[in-house]
Amino acid sequence: MSGGEVDSGRLGTADVTASTVANIGPGIDFYFAFGVIAVTAGVAAPLTIIAAGVAVLFLAFTVAEFTKAEPSAGSFITYVETALGPRAGVATALLVAVGYTVAMAGVFTMSGGMVALTLGHFTSWHVPWEPLTLVLTGAAIWLTVRGVRLSTSVVGVAVLLQVTVMLVVCGIVLVEERGHLSSAPFAWSHLTGGLAGLSSGFPLALYMFIGWENGPALAEECRNPRRTIPRALYLSITIGAALFVFFGYATVTGFGYDVSSIGRSSVPFLTVADHYLRHAALLAWITGIVSVLATLVAGTNSQARMLFDGGRTGLLPAWLGHVRPKTNTPVNAILLMTAVGLGIIGVWWLFHRVGPDTGSMNPVGLYAECSTMGTIVILFVYFLTTVSLPVFMWRRHRQLFSPLRHVAIPGLGALTLVVPFIELCKPGQPLPYGEFPFVALAVLALTLSIAWLVVHHNPSAGSREGTAPSQA
């Protein structure tokens with residue numbers, strides 16, 4: 001291993017867009033989130049997805065403005081540190097490490113979990129998912145270590161495959177039900193509880209888009225990142241939103257606009273595929289496996305680069321800032337994310353085995369728990385980023401400062417985070433979800449304490465932020 005920089009100029013807009021769409025996960029996230037969104041929001045569940053897409057665009061605009069000024073693999077970490085100081089930078093780096101690693105642990109879980117579910121559905125084999133998770137996660141990590149160009153190319157093919165199959169399934173459903181098509185999924189009157197129903201489903205809809213921030217972490221490996229990254233951000237979010245809304249419409253239609261039936265299905269989209277495609281539905285199940293693995297590779301690529309930047313600038317341990325010779329991949333950061341993510345699965349497994357009954361140990365239940373816990377922590381990062389933009393632009397690029405672009409729009413992005421914070425942290429939720437807000441607050445307090453200590457003992461921490469090489 002050696003200190004150094006990742007390879008520049010390897011990726012274009014198409015590469016980053018494909019990687020970001022894969023990280024959003026049009027298959028895995030829709031498969032396991034839409035059922036709950038439909039139960040809470042009703043027939044008009046697609047409206048919740050549209051609202052979440054608009055909120056994410058506000059957040060993406062904030063990150064795009066940062067990237068246009070100073071592209072950096074550090075993404076959130078770089079921008080918060082340069083705006084609010086080294087203590088805020090260290091805290092953000094730690095929150096990024098915790099939030100995304102916990103969320104990725106859920107993806108690791110489903111890499112083996114989806115294979116086990118597919119085998120159990122189509123055969124009499126009921127294999128444990130844990131060994132499959134170890135093998136498939138290891139294979140995906142091996143691909144990321146081989147280099148960003150190779151891994152993003154594979155991810156691009158995987159995204160094309162999964163989207164094609166899901167579109168075909170939806171097309172068959174809509175053709176079969178052409179005599180019963182309705183605009184009800186887009187009518188406010190069909191939203192259960194009106195605004196309350198929209199709010200209840202909003203956190204999960206927002207979670208479906210997590211991964212949209214994949215692109216900025218690849219900025220230093222892009223050609224012309226100031227143009228490439230914003231384009232990829234807006235393209236990937238638009239594509240993701242359009243796909244989610246179309247998939248949602250087809251799924252609700254396939255269930256005959258019966259929300260209670262959707263709620264009884266563990267994976268509504270696959271239930272629809274089984275009904276309309278029969279044996280050919282195997283393709284939809286395999287698509288789920290492909291989607292999980294693509295999300296694993298794309299997510300590890302981007303999140304590891306944020307940790308890498310934190311290591312090379314002194315906000316995190318220096319060994320995270322080393323790259324692998326020949327491929328120039330941040331292998332230490334990749335391996336740390338993998339080890340901690342698998343460790344989280346081990347701890348979760350042990351807690352469910354020897355602790356009180358806190359939920360399901362099946363892979364879908366574990367995925368939901370990791371996703372929820374990781375999302376709460378990630379929301380702190382989003383909020384810090386929206387607050388940082390006006391300070392960042394005023395201090396470092398005052399000649400470009402705009403009250404509309406750098407205050408009003410980020411402010412709207414910050415306001416959109418209030419709803420998921422309230423919904424995810426409201427009392428009365430079942431275990432372990434009711435404990436997650438307290439765990440997240442403890443993580444926040446701990447990161448702030450560590451940040452104070454790190455900067456106290458190393459005042460130069462983060463001094464290289466904003467100075468990493470980037471292309472014009």
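Use the structure listed above.
Only a predicted model underlies this, so the values are computations on that prediction, with no experimental measurement involved.

Enquirer: Sorry if this is basic, but what is going on with the overall build of the chain here?
Expert: Of regular secondary structure, the chain possesses 17 helices and 2 strands. Whereas a compact globule of 472 residues would reach a radius of gyration of roughly 23 Å, the chain reaches 21 Å, a difference of no more than 12%. Each principal axis of the C-alpha atoms in the chain carries an extent, and together these give about 65 × 50 × 45 Å. By residue count, 59% of the 472 residues in the chain fall in the buried class. A sequence separation of at least 24 residues applies to 83% of the contacts in the chain between residues at least 6 apart. Summed over its atoms, the accessible surface of the chain is roughly 17,600 Å², and 69% of this surface lies on carbon and sulfur atoms. On the chain, the mean spot of the 23 positive side-chain charges and the mean spot of the 21 negative ones are 10 Å from each other.

Enquirer: What should I look at first to understand unusual backbone geometry in this one?
Expert: Leave glycine aside and you will find that most residues have negative phi; peptide bonds, for their part, are mostly trans. Phi angles above zero are rare outside glycine, and N224 is one such case at about 50°. Following the sequence through the fold, N224 ends up in the loop between helix 8 (195-209) and helix 9 (225-254). Residue class for N224 comes out partly exposed when judged on its relative accessible area of 25%. In the Ramachandran plot, R278 falls in the positive-phi region, its phi being about 55° despite a non-glycine side chain. Within the secondary structure, R278 is located in the loop between helix 11 (268-277) and helix 12 (282-312). What makes R278 exposed here is its relative accessible area of 59%.

Enquirer: I would appreciate a short explanation of the environment of E177 in the present structure.
Expert: Within the element layout of this structure, E177 appears in the loop between helix 7 (148-176) and helix 8. Classification of E177 by relative accessible area gives buried; the value is 18%. Spatially, the C-alpha atom of E177 lies 9.5 Å from that of A250, the residues being 73 residues apart in sequence. Residue contacts for E177: discarding those within four places in its chain leaves T253 and Y276.

Enquirer: How do you make sense of the pattern of salt bridges when you look at a structure like this?
Expert: Pairing of side chains with opposite charge becomes possible as their charged atoms draw close. Within the structure shown, the criterion is met by 7 salt bridges. For the salt bridge of E221 with R305, the shortest nitrogen-to-oxygen distance reads 2.7 Å. Highlighted residues: E221 in the loop between helix 8 and helix 9 and R305 in helix 12, separated in sequence by 84 residues. In terms of burial, E221 and R305 fall into one category: buried. Here E423 makes a salt bridge to K426, at a shortest N to O gap of 3.0 Å. The class for K426 is partly exposed, based on a relative accessible area of 38%.

Enquirer: Any chance you could explain helix 16 (residues 418-425) here in plain terms?
Expert: Three- or four-residue spacings in an α-helix give side chains the same orientation, since the helix completes a turn every 3.6 residues. Along helix 16, the residues that are buried comprise P420, E423 and L424. Here the buried residues of helix 16 occupy an arc of 95° about the axis, which is enough to place them on one side.

Enquirer: When you look at the nonpolar core in this model, what are you seeing that I'm missing?
Expert: Core analysis: the largest hydrophobic core is formed by 141 residues, its most contacted members being F30, Y31, F32, F76, M114, W212 and Y382. No other element matches helix 5 (residues 86-122), which puts 17 residues into this core. Setting aside anything within four residues of it in sequence, one finds F76 in contact with V63, T92, Y100, W212, E213, M306, V381, Y382 and T385. Grouped together as the second largest cluster of nonpolar side chains are 7 residues, F66, A69, A83 and M393 included.

Enquirer: What is the right way to look at the environment of A440 in this model?
Expert: Mapped onto the secondary structure, A440 falls in helix 17 (residues 436-457). Counting along the chain gives 342 residues from A440 to V98, while the straight-line C-alpha distance between them is 9.8 Å. When residues no more than four places from it in sequence are discounted, the contact partners of A440 are M373, I376, V377 and F380.

Enquirer: Honestly, the packing of helix 7 against helix 9 in this entry has me stumped. Any pointers?
Expert: A pair of packed helices can be characterised by two numbers: the angle between their axes and the separation between those axes. For the pair helix 7 and helix 9, interaxial distance at closest approach is 9 Å and the crossing angle is 40°. Relative to helix 9, helix 7 is oriented so that their crossing is left-handed. Contact with helix 7, carried on its side by V163, M166, L167, C170, V173 and L174, involves L243, F246, F247, Y249, A250, T253 and G254 of helix 9 and no other residues of that element. Taken together, the residues that form the contact of helix 7 with helix 9 break down as 11 nonpolar, 2 polar and no charged.

Enquirer: What's the story with the environment of E221 in this structure? I'm lost.
Expert: The exposure class of E221 is buried, given its relative accessible area of 1%. For E221 and P71, which are 150 residues apart along the polypeptide, the C-alpha to C-alpha distance reads 10 Å. Polar side-chain contacts of E221 include one of 2.7 Å to the side chain of R305.

About the thresholds
Residues numbered from 1 in each chain as written. Predicted model: local features only at pLDDT ≥ 70, side-chain atom pairs only at ≥ 80, totals over all residues. Heavy atoms only, no water. Helix = DSSP H or I, 4+ residues; strand = E, 2+ residues; numbered from the N terminus. Rg over C-alpha atoms; globule rule 2.2 N^0.38 Å. Buried < 20%, exposed > 50% of the residue type's maximum accessible area, 1.4 Å probe, protein only. Contact = heavy atoms within 4.5 Å. Areas by Shrake-Rupley, 256 points an atom, 1.4 Å probe, with all protein chains shown as cover. Lys, Arg positive; Asp, Glu negative; His and termini not counted. Charge placed at Lys NZ, Arg CZ, Asp CG, Glu CD. Salt bridge = Lys/Arg side-chain N within 4 Å of Asp/Glu carboxyl O. Arc of directions from axis to C-beta. Core = buried A, V, L, I, M, F, W, Y, C linked by side-chain atoms within 4.5 Å. Axes fitted to C-alpha atoms, helices over the stretch in contact; angles between N-to-C directions. Left-handed = near helix turned anticlockwise from the far one by under 90°. Nonpolar A, V, L, I, M, F, W, Y, C, P; charged D, E, K, R; others polar. Polar contact = N/O pair within 3.5 Å; in protein donor to acceptor, adjacent residues only side chain to side chain.

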